[in-house]
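Coordinate inspection notes
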Amino acid sequence: DRIGFCVYLRIAIEWIENRGTDTMNNYEFYAPTRVIFGKGTENDTGKQIVAYGGHHVLIVYGGGHAVRSGLLERVEASLKEAGLTFDTLGGVVPNPHLSKVYEGIELGKKTGVDFLLGVGGGSVIDTAKAIAYGLAEPEYDVWDLYDRKRKAKACLPVGCVLTIAAAGSEMSDSSVITNEKTGEKRGTNSDLCRCRFAIENPELTMTLPDYQTMAGCADMQMHTMERYFTGKGNMEITDSIAEALMRTVKSKTLILHKDPQNYEARAEVMWAGSLAHNNITGCGNGGFDFASHRLEHELSGMFDVTHGAGLCAIWGSWARYVYKNCLHRFVKFAETVHGIAPQATEEDTALLGIEAQEDFYRAIGMPTSLDELGVHPTDAQMKEMARRCAIAVGGQIGSAMVLHEPDMYRIYCMAAGKQPQD
C-alpha cells in the first residue's frame, strides 16, 4: 500500500544518505614515542637521550617557570649525570614565534647540537621540532615547510619533558609555528619530527594557572572531536575510545577547576592529551575534520589569543553551521558524551548536544563567542581571516561538511554575533 511504500522509501533514502557511516576505512597507525609516565620521571631525561644517541643537547623552554620551579635545574643535572653537554634556549611564547626558531637554528649550528629537548608544553615542543627540522636541512628556510612549499626530508631527534597537558605535540607528527611578521600561523606534519620519548609527570602541571589548565583540557578534547565528526565511515571500537576520552576529559576538567592539586585528575588528563593527538581516536574514520582548528589558527595568528580558548569561542558556531550535514554524528555525540536522551527529532537531540558542550565550556570559564574571548574583529578582518584560512588549507577543509572561504567567513561572523556583509 501507499503508506508502506512511503515508509520503505524513507528507510531507503536514509540508508543511501548514511551508507558507509558504520563502515571502517583503511588506515595506518604509527605512534613510536616512548612515554615515561609518573612522579619524578624527569630525573631520567639524560638516560633517555643517551639511549637515542644524543650527545650535545639544545634544551628549549618557555618562560621563567621552568627555572623558578627547579625543573630546569633537575633536567640539567640529569643530563650532566648521563655525560651529556648542552645549551639552553628560553623565551618560547604561546603561539610560538618563527624568530625564536631561527634563533635556535643559529645557536644549534654554532654549538654542534644533535638532539633537541623541549621542556614545556605544545609551544615549546613545536619550537623544538621546528629547530630540529632547520638543523637537519640547514640549506633551506624552515618556514618553507610550514608554508607548504616543500616537505621535510630530515629532522634531528627530539624528546620532551611535558609540563602542560594540552596540545598533544609530545606524541603527534605535528608542529605549529606563527610567523609574527605576517601574522600567519601554520602547521606542518611529518613522522620525522615525532618525539623519541616523552617524560610525563602530572605533578609538573599542578602550578599552572587555572585558565591555562582549562584551555589545555579544551584543546585536547577538541583533538578528538576533530576526528569524531566525520561523514564517511567509523569503527565502533575507535568511537568507543573517543567517547570515553571525551567523557573523561570533561569530568576530570571539572574536578581540576575546583581542585587543581588532584593528582589522579591531572594524570588522567595528561594521558588523555597524548592519546587525543596520536591518531588512535581516528583509526578507521572517514577523514578528519579540523576545520575548527584551522579557523582558530587564523584567529590566534591575528589576535594572539590562547589557542584552547579560541577553539571554544569558535566551535559552537562551526557546529551549528555544519551539524545538518553530519547529523548522525552530532546525535551520537549528544547521547554518548553528554548523556542527552533522544528528543522528538534528531535535530533537537543534536542541538542539545551542542548546547551541552557550550555549557561545559562556560562551567570551566572558557568563552563560547568571540565577544566572550575579548576579540571584536571588523568585517574586513573576518574576511581576511577566511581568505588566509582558505589559502592555508588549499581551498577547502572539513569532513563533517566541506568548507570553502565563504563558509569560513560566515562562521567567523556567527562567532562574532554579526551578519555577513556579502
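This text goes with the structure placed above it.
To keep things clear, this report deals only with the structure shown in the data block. None of the values given here were measured: they were computed from a predicted structure. (Residues numbered from 1 in each chain as written. Predicted model: local features only at pLDDT ≥ 70, side-chain atom pairs only at ≥ 80, totals over all residues. Heavy atoms only, no water.)

A short note on the pattern of salt bridges
- Summed over the entire model, instances satisfying the criterion amount to 17 salt bridges.
- For the salt bridge of Glu 358 with Arg 320, the shortest nitrogen-to-oxygen distance reads 2.8 Å. With Glu 358 in helix H14 (residues 346-363) and Arg 320 in helix H12 (residues 307-322), this residue pair connects regions lying 38 residues apart in the sequence.
- Overall, Glu 358 belongs to the buried group, its relative accessible area being 7%.
- The partner of Asp 359 in a salt bridge is Arg 362, with the nearest N and O atoms 2.9 Å apart. (Salt bridge = Lys/Arg side-chain N within 4 Å of Asp/Glu carboxyl O. Helix = DSSP H or I, 4+ residues; strand = E, 2+ residues; numbered from the N terminus. Buried < 20%, exposed > 50% of the residue type's maximum accessible area, 1.4 Å probe, protein only.)

Thoughts on empty space enclosed by the protein
- Overall, the coordinates contain one cavity of 30 Å³ or more when judged by the stated rule.
- Empty space within the largest cavity amounts to approximately 30 Å³.
- As for the largest cavity, its lining consists of Ala 165, Thr 205, Leu 208, Thr 213, Cys 217, Arg 266 and Val 269.
- Going through the elements one at a time, helix H8 (210-228) and helix H10 (263-276) are the ones with two or more residues in the lining of the largest cavity. (1 Å grid on protein atoms, 1.4 Å probe; cavity = no way out; pocket = protein on both sides within 12 Å on 5 of 7 lines; lining within 4 Å. Points joined across faces, edges and corners; volume = space filled by probe spheres on them.)

Observations concerning the sheet that holds strand E3 (residues 85-89)
- In spatial order, the strands read E1-E8-E5-E4-E2-E3; together these six strands make up an open sheet with parallel pairing. Edge positions in the sheet fall to strand E1 (34-37) and E3, since each of these pairs with one other strand and no more. Adjacent strand axes in the sheet meet at a mean angle of 20° when their direction is disregarded.
- Summarising the sheet, strand E2 (residues 56-61) and strand E4 (residues 115-120) pair through five bridges and their orientation is parallel. The residue bridging Ile 59 from the neighbouring strand is Leu 117, located in E4.
- Across the sheet, helix H5 (residues 98-111) is in contact with E2 and E3; its angle to E3 comes to roughly 155°.
- In the packing of H10 onto the sheet, the strands contacted are E1, strand E5 (158-162) and strand E8 (197-200), and the crossing angle to E1 comes to about 175°. (Pairing = 2+ DSSP bridges. Axes fitted to C-alpha atoms, helices over the stretch in contact; angles between N-to-C directions. Contact = heavy atoms within 4.5 Å.)

A word on the side chain of Asn 234
- Of note, Asn 234 is situated in the loop between H8 and helix H9 (236-258).
- By relative accessible area, which is 4% here, Asn 234 ends up buried.
- Of the polar contacts made by the side chain of Asn 234, one reaches the side chain of Asn 285; its length is 3.2 Å.
- Of note is the side chain of Asn 234, whose polar atom sits 3.5 Å from the side chain of Arg 329. (Polar contact = N/O pair within 3.5 Å; in protein donor to acceptor, adjacent residues only side chain to side chain.)

Some remarks on the nonpolar core
- The biggest cluster of nonpolar side chains holds 96 residues, and the ones touching the most others in it are Leu 116, Ile 131, Phe 229, Trp 315, Trp 318, Phe 330 and Tyr 361.
- Non-local contacts of Tyr 361, meaning those with residues more than four positions away in its chain, are made with Ala 218, Gln 221, Met 222, Met 225, Cys 312, Trp 315, Met 366, Pro 367 and Thr 368.
- In terms of nonpolar packing, the next biggest core, distinct from the first, is built from 18 residues, Val 57, Ile 59, Leu 72 and Leu 84 among them. (Core = buried A, V, L, I, M, F, W, Y, C linked by side-chain atoms within 4.5 Å.)

Considerations on the packing of aromatic side chains
- On inspection of all chains with the given rule, the structure shows 15 aromatic pairs.
- Both rings, one in Tyr 228 and one in Phe 229, keep their centres 5.6 Å apart while their planes meet at 90°; by these two values the pair is edge-to-face.
- Judged by relative accessible area, Phe 229 falls into the buried class, the value being 0%.
- Here the aromatic rings of Phe 229 and Trp 318 are separated by 5.9 Å at their centres, their planes lie at 65°, and the arrangement is edge-to-face. One end of the pair, Phe 229, is in the loop between H8 and H9; the other, Trp 318, is in helix H12, with 89 residues separating them in the sequence. One exposure class covers both Phe 229 and Trp 318, and it is buried.
- Among the aromatic residues, ring-to-ring pairing joins Tyr 228, Phe 229, Trp 315, Trp 318, Phe 330 and Phe 333 into one connected group.
- It is Lys 39 that lies over the ring of Tyr 263; its NZ or CZ is 4.6 Å from the centre.
- For the cation-ring pair, Arg 329 lies above Tyr 228, with the distance from its terminal atom to the ring centre recorded as 4.2 Å. (Phe/Tyr/Trp six-rings, centres within 6.5 Å; stacked < 30°, edge-to-face > 60°. Lys NZ or Arg CZ within 6 Å of the ring centre and 35° of its normal.)

Quick look at the packing of H8 against H12
- Contact pair H8 / H12: the axes reach a minimum separation of 7 Å and the direction vectors enclose 55°. One finds that H8 runs oblique with respect to H12. The way H8 lies across H12 gives a crossing that is left-handed. Seen from H8, the contacting residues are Tyr 211, Ala 215, Ala 218, Asp 219, Met 222 and Met 225; seen from H12, they are His 307, Gly 308, Ala 309, Leu 311, Cys 312 and Trp 315.
- Residue composition of the contact of H8 with H12, grouped by class: nine nonpolar, two polar and one charged. (Parallel < 35°, antiparallel > 145°, perpendicular 65-115°, else oblique. Left-handed = near helix turned anticlockwise from the far one by under 90°. Nonpolar A, V, L, I, M, F, W, Y, C, P; charged D, E, K, R; others polar.)

Some remarks on the side chain of Thr 238
- Along the chain, Thr 238 falls in helix H9.
- If we skip the residues at most four places from it in the chain, Thr 238 touches Ile 280, Thr 281, Gly 282, Cys 283 and Asn 285.

Focus: the pairing of E2
- Along E2, six of the six residues are buried, which leaves the element largely enclosed by surrounding structure.
- In the sheet, E2 pairs with E3 via five bridges, with the strands oriented parallel. If you follow Val 60 over to E3, its bridge partner there is Leu 89.

Digging into the packing of H12 against H14
- As a packed pair, H12 and H14 sit with axes 10 Å apart at the nearest point and diverge in direction by 175°. Classified by the angle their axes make, H12 and H14 are roughly antiparallel. Across the interface between the two elements, Cys 312, Trp 315, Gly 316, Ala 319 and Arg 320 of H12 pack against Ile 354, Glu 355, Gln 357, Glu 358 and Tyr 361 of H14.
- Residues of the contact of H12 with H14, tallied by class, amount to five nonpolar, two polar and three charged.

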